[in-house]
Amino acid sequence: MTSASIESIETAKGAGFENHRIRVSVLMFAKARELAGLSEVSLEVDEGATTADCLKILVSTYDKLQSITESMVLALNHDYVENPVVVNDGDELALIPPISGG
Amino acid sequence: MGEIDRASPEILKELEALRKANAELLSEISALQKQLQGTVEMSSKPICIDGPNAISLEHNTKFFSQTQHILYGSSSVQESVAPSEAKLEVGSKARANINEETPNSQGISVAHLENDWIYEDVGGCIRKSMGNCERLHNLDPYTISRYSRQLLVPAFGVKGQENLLKSSILIIGAGGLGSPAALYLAAAGVGCLGLVDHDVVELDNLHRQVIHTEGAVGETKVKSAAAACRAINSFLKVNEHYSGLQASNAVNIISKYDIIVDATDNLPTRYLINDACVVMGKPLVSGAALGTEGQLTVYHHDDGPCYRCIFPVPPPPDACQSCSDAGVLGVVPGIIGCLQALEAIKLASGTGEPLSSRLLILDALTTSVQKVKLRGRNHSCIVCGDAPQLSRENLHQFDYEAFTSSLMSDKIPQRKQMLPLSYGVSCKEYKRRCEEGELHVLLDVRDAHQYAISALPNSVNVPFSQLKERVPQIQDLAKGIDLEVEEAYPTEVLAQSLRPIYVICRRGHDSQKTVQFLRSNGFPDTFDIVGGLECWTREVDHHFPKY
Ligand SMILES: [Zn+2]
């Protein structure tokens, strides 16, 4: 596992408009880290993108993440995300699946 | 000793002074002991200073040197024998025998103390405390002395200690999390500690289950942990629950305690504990650890969420690995277990802000601790919501193992036979074929870091996760050729003569999946070595390391 590496994902720009692009840093914990194979990734998205959009991009990039999207805490800037919210440049999104060991 | 030799003269001087003081103290004590023996009928050689277990003097010189008073085991050895300022403090056992005329030097009457003990029922545990004194609190001198360093903490103080002494705390799981939690709660002076576990102490758990010793291997964890807690604090009431927690007994056990500590190692038990805590209205201090990561939160407290509010859908079974599968750095549950003790102490004593509605995440690799705010209580939660489906009456019917598709244990589930039997060979049969000199390929599909622990000779490590990418390599191996000599053979001949492939892993799961994959990708002569390396150790070579 390359826990120290930070990858960068750049997605296609929205067609037609000259959209502003923003960067969101994504932290992966526990099983998310294992499934994605890294602990941190920098995500470039269109301005106005939501947490749900970010998750969609992450799952399409790291398809193994799909299995745990229903059972994890999604936190934006250390705050629980219940319904999709718009992300801003420099935001930090965390994927926190539960761990059960002891 | 080498270090002491090199120490500065001042330190050596200081050390010498300390040694002298210690020697003086010891001689004082032995003089005292002699006098006592002359006048008092001693029940045993060491003076019993407190509790059901006598604490021998020679091991407690520090304690004696710091206490101010001696209350003797009998009135006949009054003040007259006290040799100096250093006097002995005697706890409950001796104090209960004190003659009614005996005042201590602080002038606090200790008369009729036998009758002055208050027996309180705390969650089914009897807690002894003192009353009938003109005091602001119920802490007796021994208790004050014992917990003085906590009493000195302004945020905790007498009130905190009193509350703690009255509290009863249940620790579910006496493993990596439960070990430090139990040790600290026992030492901190909770009134009653319940311990739940159905497992026995195992050698490969000692790296993190620090409450147990090598000598306890094979003993039940509850017995071993209870003994350790009692050794730390003889005042502690310890309840031993050997049966483990099940849907049938959870409500009953949990109902007897004020605070519940989830120190378990598996998903279904976590849901069960959560539900039982909610229906019984108990705060739940939840901790978890795996690999190099830990999590901590307090559920169902102060209108905060419960475990189901946060994780209504359990993760798929392979997403919640156990420590025996994925490993764990011992100190990680150690840290989380300590934090669980802290949260339990805060809840019990009414100190500070418990970690409710927030999740603490420990990343040991980077030594980073994060706190994430959680949602509030989910009003549609099936257990703590406004119209709950689970109640104390029906909770025992809920099938937690089916709900989570995993077992209430961190033990590895029985190996499932996924392949037709003819696709497998036993370890013994494989060994026989090796001895016959059969040309073959032995693929070990464990992860590289596991392969590095121990591996069979002549095996080739192709981790299961890399299988697809490494088919060409497997093809070369099956052809029995090195890349250098490939040119020497016509390819059509090579294609006809693939060597059989045997696949092994740790326990025989991934090997079966590998066989399935290879057989449907051009390697019909592929076999599973049934039961993996664990079976190899059991049936063929007892010296092959098991992990
Ligand atoms: Zn809930």
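Coordinates for the structure precede this section.
Notes on the structure follow.

The rules behind these values
Sequence order sets the numbering: in each chain, residues are counted from 1 along the sequence as written. By the order in which they are written, chains take letters starting at A while ligands take numbers starting at 1. Selection of residues for local features in this predicted model requires a pLDDT of at least 70, selection of side-chain atom pairs for listing and counting requires 80 or more, and totals for whole chains, interfaces and linings are taken over all residues. With hydrogens and water excluded, all non-hydrogen atoms of the structure serve as input to the side-chain values. Definition of nonpolar core: a set of buried residues of the types Ala, Val, Leu, Ile, Met, Phe, Trp, Tyr and Cys, connected through side-chain atoms within 4.5 Å. A simple rule labels every residue: compare its accessible area, found with a 1.4 Å probe on the protein chains alone, to the largest value its type can have, and call it buried under 20%, exposed over 50%, or partly exposed in between. Helix and strand labels come from DSSP, where a helix needs a run of H or I of at least four residues and a strand needs a run of E of at least two; each type is numbered from the N terminus. The charge count treats Lys and Arg as positive and Asp and Glu as negative. His and the chain ends do not count. Each salt bridge in this description consists of a side-chain nitrogen of Lys or Arg and a carboxyl oxygen of Asp or Glu lying within 4 Å of one another. Counted as a polar contact is a pair of N or O atoms within 3.5 Å, where, for protein atoms, one must be capable of donating a hydrogen and the other of accepting one, and residues adjacent in sequence contribute only when both atoms are in side chains. Residues count as neighbours in contact if any of their non-hydrogen atoms are within 4.5 Å of one another. Metal sites are built from N, O and S donor atoms within 2.8 Å, or 3.2 Å for Na, K and Ca, and they leave out water, so they may look incomplete. Square planar and octahedral assignments, for four and six donors respectively, both demand that opposite donors be over 155 degrees apart and that all other angles lie between 65 and 115; tetrahedral needs four donors with all angles between 85 and 135 degrees, and anything else is irregular. Any Phe, Tyr or Trp ring, taking Trp's six-membered ring, that has another such ring centre within 6.5 Å forms a pair; planes under 30 degrees apart are called stacked, those over 60 apart edge-to-face, and the others tilted. Counted as over-ring charges are cases with an Arg CZ or a Lys NZ within 6 Å of the ring centre that also lie within 35 degrees of the ring normal. What counts as buried area is the accessible surface, traced by a 1.4 Å probe, that two parts surrender upon association, with contributions from both included. Throughout this entry, Asp, Glu, Lys and Arg are counted as charged residues, while Ala, Val, Leu, Ile, Met, Phe, Trp, Tyr, Cys and Pro are counted as nonpolar. The remaining residues, Gly among them, count as polar.

### Quick look at the nonpolar core
One recurring pattern in soluble globular proteins: nonpolar side chains tend to sit buried together. Among the nonpolar cores identified, the biggest contains 47 residues, and Ile96 of chain A together with Leu245, Ile254 and Ile260 of chain B are the most heavily contacted of them. At the level of secondary structure, the elements contributing two or more residues to this core comprise strand E4 (73–76) and strand E6 (92–96) of chain A together with strand E3 (168–172), strand E4 (192–196), helix H11 (250–254), helix H12 (267–280), helix H13 (307–310) and strand E9 (358–363) of chain B. Among the elements that line this core, the one with the most residues is H12 of chain B, at nine residues. With 39 residues, the next largest nonpolar core counts Ala174, Ala186, Ala289 and Ala344 of chain B among its residues.

### Comments concerning the side chain of Asp265 of chain B
Here Asp265 of chain B lies in the loop between strand E6 (259–262) and H12. The charged side chain of Asp265 of chain B is buried without a salt bridge, its nearest counter-charge being Lys221 of chain B at 5.5 Å. Among the polar contacts listed, one links the side chain of Asp265 of chain B to the side chain of Asn266 of chain B, at a separation of 3.0 Å. Ignoring anything within four residues of it in the chain, the contact list for Asp265 of chain B reads Ser100, Gly101 and Gly102 of chain A together with Ser409 and Asp410 of chain B.

### Overview of the coordination of the zinc ion
All names here are of chain B. Here the zinc ion is held by Cys306 (SG), Cys309 (SG), Cys381 (SG) and Cys384 (SG), and the distances to it run 2.2 to 2.3 Å. Its four donor atoms give the zinc ion angles of 88 to 117° at the centre, a pattern that matches the tetrahedral case. Mapped onto the sequence, the residues coordinating the zinc ion show the spacing C-x2-C-x71-C-x2-C. Like Cys381, the residue Cys384 is buried in the burial classification.

### Observations regarding the packing of aromatic side chains
All names here are of chain B. Using the criterion set out here, one finds ten aromatic pairs over all chains in the structure. When the centroid spacing of 5.5 Å and the interplanar angle of 65° are considered together, the rings of Tyr307 and Phe311 count as edge-to-face. Looking at Tyr307, the relative accessible area reads 4%, which means it is buried. Geometry around Phe398 places Arg308 over its ring, the cationic atom sitting 4.8 Å from the centre.

### Overview of the side chain of Thr264 of chain B
In this fold, Thr264 of chain B is placed in the loop between E6 and H12. What makes Thr264 of chain B buried here is its relative accessible area of 7%. Separated by 2.5 Å, the side chains of Thr264 of chain B and Asp262 of chain B make a polar contact. With residues up to four places along the chain from it excluded, the contact list for Thr264 of chain B reads Ser100, Gly101 and Gly102 of chain A together with Ile172, Leu177, Thr269, Arg270 and Ile273 of chain B.

### Focus on the interface of chain B and chain A
Contact with chain B, which involves 38 residues of that partner, is made by 26 residues of chain A. Taken together, both faces of the contact between chain B and chain A bury some 2,600 Å²; the carbon and sulfur share is 56%. For the salt bridge of Glu82 of chain A with Arg375 of chain B, the shortest nitrogen-to-oxygen distance reads 2.9 Å. Viewed at the interface, chain A and chain B are joined by 18 residue pairs in polar contact (both at pLDDT 80 or more). Those elements that place two or more of their residues in the side of chain B that touches chain A are H12, strand E7 (284–290), strand E8 (293–299), H13, E9 and strand E10 (368–373) of chain B. For the side of chain B that touches chain A, the element with the most residues is E10 of chain B, which contributes four residues. Classifying every residue of the side of chain B that touches chain A gives 21 nonpolar, eight polar and nine charged.

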